[in-house]
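Remarks on the overall topology
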Amino acid sequence: KVLHVRGAVIWPLGGRMQVMYPLVPWIGVMATGYAFGRTMLRPRGERRRRCFVLGGCLCAAFVVLRAVNMFGDPVAWTPQGTGLFTVFSFINCEKYPPSLDFLLMTLGPAMVVLGLMDREGAAKRSDREFLGVFGRVPLFFYVLHVLVLQIAGTATAWLRYGNEIFSWKGPPPPDYYVGLWPVYLAWVGVVLALYPACRWFAGVKRRRRDWWLSYL
């Protein structure tokens, strides 16, 4: 459970530990990313072809594996009342921890898009382009956005419910949840708010060559 699945670990001498974020799947994805970096050092035409081939193979593997419906995700997809909701069931894969199907259906399209965005001179322009700034400091953005969302969520709950939020022991009240549009607005707002910090840190990485900066 520490390595691959969520759940409670019961200690032999008593007590328990709740594992919410297993180690192996995401560590494997990160290791694959570092290995994939060698592809990005190749000539532009060759690396684009590799992105398209690898991405296409991953997408195809997802469709085949998910269609078989026997391995790749803990929850099988099922036919629904409409074609659209059947598609939703087909792509509704486990993220925590990420299943094999989830990784195939996210990394595959990402590689194809990476190949499409690998235009002439894109690396030089990425210093100024909006998405390029975040791409240069991915872990920095991830850690920062988790912190900002936690603070913003706690502050919003406190403004709505006062100090009682600190005494909740069960699920929050029914009116605590909001629809998708407020979530999208919060997402866009956080991304825009963190852009200046990410651009500053990208500048730090460009000016300095400390070994630890390459991991952020």
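A brief look at the structure comes next. (Residues numbered from 1 in each chain as written. Predicted model: local features only at pLDDT ≥ 70, side-chain atom pairs only at ≥ 80, totals over all residues. Heavy atoms only, no water.)

As for the environment of Trp187
Tracing the chain through its elements places Trp187 in helix 8 (residues 180-207). The exposure class of Trp187 is exposed, given its relative accessible area of 55%. C-alpha of Trp187 to C-alpha of His145: the two residues are 42 residues apart in sequence and 9.6 Å apart in space. (Helix = DSSP H or I, 4+ residues; strand = E, 2+ residues; numbered from the N terminus. Buried < 20%, exposed > 50% of the residue type's maximum accessible area, 1.4 Å probe, protein only.)

Description of the packing of aromatic side chains
Enumeration over the complete set of coordinates arrives at 12 aromatic pairs. Aromatic side chains Phe85 and Phe88 sit 5.5 Å apart centroid to centroid with 80 degrees between the ring planes, which places their arrangement in the edge-to-face category. With Phe85 and Phe88 both in helix 3 (residues 83-91) and 3 residues apart, the pair spans about one turn of that helix. Ring geometry for Phe130 versus Tyr195: centroids 5.0 Å apart, planes at 15 degrees, classification stacked. Residue Phe130 is found in helix 6 (residues 130-136), and its partner Tyr195 is found in helix 8; the two are separated by 65 residues along the sequence. Given the relative accessible area of 36%, Phe130 is considered partly exposed. Look at Tyr195 and you get buried, because its relative accessible area is 16%. Put simply, the rings of Phe130, Phe134, Phe141 and Tyr195 pair up and form one aromatic cluster. (Phe/Tyr/Trp six-rings, centres within 6.5 Å; stacked < 30°, edge-to-face > 60°.)

Things to note about the pattern of salt bridges
If the charged atoms of two oppositely charged side chains come close together, the side chains can form a pair. Going through the model one piece at a time under the given rule, you end up with 6 salt bridges. The partner of Asp210 in a salt bridge is Arg208, and the shortest N-O contact between them spans 2.9 Å. Overall, the relative accessible area of 29% leaves Asp210 in the partly exposed class. In the salt-bridge network here, residues are joined through shared partners; they are Arg42, Glu46 and Arg50. (Salt bridge = Lys/Arg side-chain N within 4 Å of Asp/Glu carboxyl O.)

Thoughts on the packing of helix 1 (residues 24-36) against helix 4 (residues 100-117)
Two elements in contact, helix 1 and helix 4, have axes separated by 13 Å at closest approach and are oriented at 25 degrees. Between helix 1 and helix 4, the interaxial angle falls into the category roughly parallel. Of the two elements, helix 1 crosses helix 4, and the hand of that crossing is right-handed. Listed contacts from helix 4 to Trp26, Val29 and Phe36 of helix 1 are Phe102, Leu103, Leu107, Met111 and Leu114. Across the contact of helix 1 with helix 4, the residue classes tally to 8 nonpolar, no polar and no charged. (Axes fitted to C-alpha atoms, helices over the stretch in contact; angles between N-to-C directions. Parallel < 35°, antiparallel > 145°, perpendicular 65-115°, else oblique. Left-handed = near helix turned anticlockwise from the far one by under 90°. Contact = heavy atoms within 4.5 Å. Nonpolar A, V, L, I, M, F, W, Y, C, P; charged D, E, K, R; others polar.)

Description of the environment of Leu107
By the secondary structure assignment, Leu107 is in helix 4. The exposure class of Leu107 is partly exposed, given its relative accessible area of 32%. Sequence separation of Leu107 and Gly55 is 52 residues, and the distance between their C-alpha atoms is 7.2 Å.

Comments concerning the nonpolar core
In terms of nonpolar packing, the biggest core is built from 14 residues, with Phe134, Val137, Phe140, Phe141, Cys198 and Phe201 touching the most fellow members. Not counting the four nearest positions on each side in its chain, Phe140 is found in contact with Ala197, Cys198, Phe201 and Leu216. Residues Val29, Phe62, Phe102 and Leu104 belong to the second largest nonpolar core, which totals 8 residues. (Core = buried A, V, L, I, M, F, W, Y, C linked by side-chain atoms within 4.5 Å.)

Let's talk about helix 1
Because the α-helix completes a turn every 3.6 residues, residues three or four places apart line up on one side. Look at helix 1: 18 Å from first C-alpha to last across 13 residues, which is about the 18 Å you get at 1.5 Å a residue. When we look at burial in helix 1, the residues that qualify are Pro25, Val29 and Phe36. Down the axis of helix 1, the buried side of the element spans an arc of 35 degrees, and every buried residue falls inside it. In helix 1, the exposed positions angled more than 90 degrees off the buried face are occupied by Met30, Tyr34 and Ala35. Packed against the buried residues of helix 1 are helix 2 (44-68) and helix 4. (Expected span 1.5 Å × (residues − 1). Arc of directions from axis to C-beta.)

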